[in-house]
Amino acid sequence: MIQTDILIIGAGPCGLFTVFEAGLLKLRCHLIDALPQPGGQCSEIYPKKPIYDIPAYPSILAGELVDRLMEQAAPFQPGFTLGERAESIERDDEGQFLVTTHRGTVHRAPIVAIAGGLGCFEPRKPPVERLEAYEDHGVEYIIRDPEFYRGKRVVISGGGDSALDWSIFLAEGVASEVTLVHRRQEFRGHLDSVQKVLDLAAEGRIRLLTDSEVVEVHGDGKLDSVGYQHTTEGLQRLACDHWVPLFGLSPKLGPIADWNLNISKNSIEVDTFDYSTNVPGIYAIGDINTYPGKLKLILCGFHEATLMVQSAFKRIYPEKNLVLKYTTVNGVNGF
Amino acid sequence: MEPLIKVTVIDRDGTPHELEAPTDMGLNMMELCKSAELPVEGTCGGMAMCASCHLYVESDTDLPERGDAEEDMLDQAFFVESNSRLGCQLHLTQDLDGLVVRLAPVAQ
């Protein structure tokens with residue numbers, strides 16, 4: 001079990017800055033994030049995009065902002081549970097929160113700060129009838145272990161890098177048959193990957209179906225074929241063992257929706273005095289919260305994190321008086 | 001001040017909403033729908049990175065071509081048709097006066 005002072009759900013910019021502000025108050029933090037790397041949207045969606053409204057940075061790339069926040073938090077030695085989604089929360093008999101991830105990792109803390117941004121990033125599922133029935137029975141949205149596909153007939157959908165890269169990888173001696181289905185003729189993704197796919201298709205090692213979309217799944221308890229619609233040739237059937245739709249990730253509020261917090265339009269309602277939720281000890285900061293006048297800006301999330309840790313400190317140490325100390329006077333003293 | 005333009009947004013229940021919009025505030029269709037409290041998420045904030053503002057153009061309004069980022073995102077979206085656009089990439093200009101769009105279904 002991982003014990004900390006403030007358990008932060010979400011390792012985006014707001015969660016990372018919380019580590020720094022909490023550290024100044026000698027509070028330790030641990031972060032949980034469903035993504036395999038810290039940075040949230042900034043790392044996952046737009047690392048190469050410039051942000052222009054971070055004070056004192058006329059322009060900074062989102063990925064660079066994350067690097068700097070990690071550097072700023074480093075003296076306070078935050079812990080990370082990455083690639084795991086915070087699933088359930090309960091209170092133990094000492095009043096501390098126990099948060100368990102979908103992989104079963106248990107975290108314990110007197111304070112939980114939800115800095116979950118847009119929620120957890122989950123694979124986009126194509127709107128195909130009875131798709132759920134085949135999940136883990138031939139339909140997978142993520143390729144975890146390519147060996148799983150050895151000697152199998154695999155259909156991959158998508159036009160981006162992951163669809164291209166996995167098609168190439170599986171076609172080179174892993175799967176017995178690889179079909180790549182794509183809605184258009186053009187592929188986005190790196191030019192050399194596109195060329196490689198076209199070369200493998202010319203050699204007959206990848207079956208390339210463009211202007212096509214998988215629209216049906218078939219099989220008795222287990223996938224045995226998919227139906228795909230070609231823009232001019234109509235509906236056709238293709239026998240296969242696996243279908244892997246790779247359409248990127250989209251955020252979902254996820255299990256947090258069931259944590260008995262007051263929620264309005266996919267956001268957690270908070271008191272702007274300290275960004276506390278309706279559950280004492282649980283706070284919500286950054287893009288995931290809402291209050292009158294809320295602006296979803298990184299800048300505002302930093303402010304919220306700073307006020308939140310003051311309130312958290314008072315909950316943990318009700319007998320202590322907190323005096324604001326300036327970093328310019330006192331420096332930054334890590335753990 | 002430039003005159004307001006009129007656009008029609010048909011929601012997912014088939015109800016048309018006639019909206020008046022200024023063209024001098026740098027708004028796009030996603031933002032206009034949100035400000036009219038129509039059910040458009042605009043999750044990514046307008047970077048053509050989420051397709052939650054996916055809509056179909058139903059009028060013969062002359063629109064700028066899809067950009068690369070928009071094409072790329074539509075590749076990952078569902079229910080895509082030849083008249084699909086991302087609302088966030090349709091910037092409100094006088095040319096859009098009379099535009100009619102229908103909100104695309106939301107995938108699960």
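Now for a look at the structure at hand. These numbers come from a predicted model, not from an experiment. (Residues numbered from 1 in each chain as written. Chains lettered and ligands numbered in written order. Predicted model: local features only at pLDDT ≥ 70, side-chain atom pairs only at ≥ 80, totals over all residues.)

**Considerations on helix α4 (residues 161-171) of chain A**
Residues and elements named next belong to chain A.
Thought 1: Residues of α4 that are buried: A163, L164, W166, S167, L170 and A171.
Thought 2: Where α4 is buried, its residues touch β12 (153-157), β13 (177-181) and α5 (191-202).
Thought 3: A positive backbone phi angle near 90 degrees is found at G173, which sits one or two residues after α4. (Buried ≥ 20, exposed ≤ 12 C-beta atoms within 10 Å, placed from the backbone. Helix = DSSP H or I, 4+ residues; strand = E, 2+ residues; numbered from the N terminus. Contact = placed C-beta atoms within 7 Å.)

**Points about the nonpolar core**
Residues and elements named next belong to chain A.
Thought 1: Formed by 47 residues in total, the largest nonpolar core has its most connected members in I6, V112, A113, I114, Y283 and I285.
Thought 2: Within the residue set of this core, elements represented by two or more residues are β2 (6-9), α1 (13-24), β3 (29-33), α3 (62-73), β7 (86-91), β10 (111-114), β22 (282-284) and α6 (298-316).
Thought 3: The biggest single contributor to this core is α6, with seven residues.
Thought 4: The residues touching I285, leaving out its near neighbours within four places in the chain, are C14, T18, A113, A115, Y275, G301, E304, A305 and M308. (Core = buried A, V, L, I, M, F, W, Y, C linked by C-beta atoms within 7 Å.)

**Digging into the sheet that holds strand β16 (residues 225-230) of chain A**
Strand pairing in a sheet relies on backbone hydrogen bonds. The paired strands run either parallel or antiparallel.
Residue and element names in this part refer to chain A.
Thought 1: As summarised here, the arrangement of the three strands in space is β15-β16-β17, forming an open sheet in which the pairing is antiparallel. The sheet is open, and its two edges are formed by β15 (212-218) and β17 (234-239), each paired on a single side. Strand-to-strand, the axes of this sheet are offset by a mean angle of 30 degrees, without reference to chain direction.
Thought 2: One ladder, built from six bridges, connects β15 with β16; its direction is antiparallel. Its bridge partner being in β16, S212 is matched across the sheet by H230. (Pairing = 2+ DSSP bridges. Axes fitted to C-alpha atoms, helices over the stretch in contact; angles between N-to-C directions.)

Scope: geometric values only; no functional claims are made or implied.
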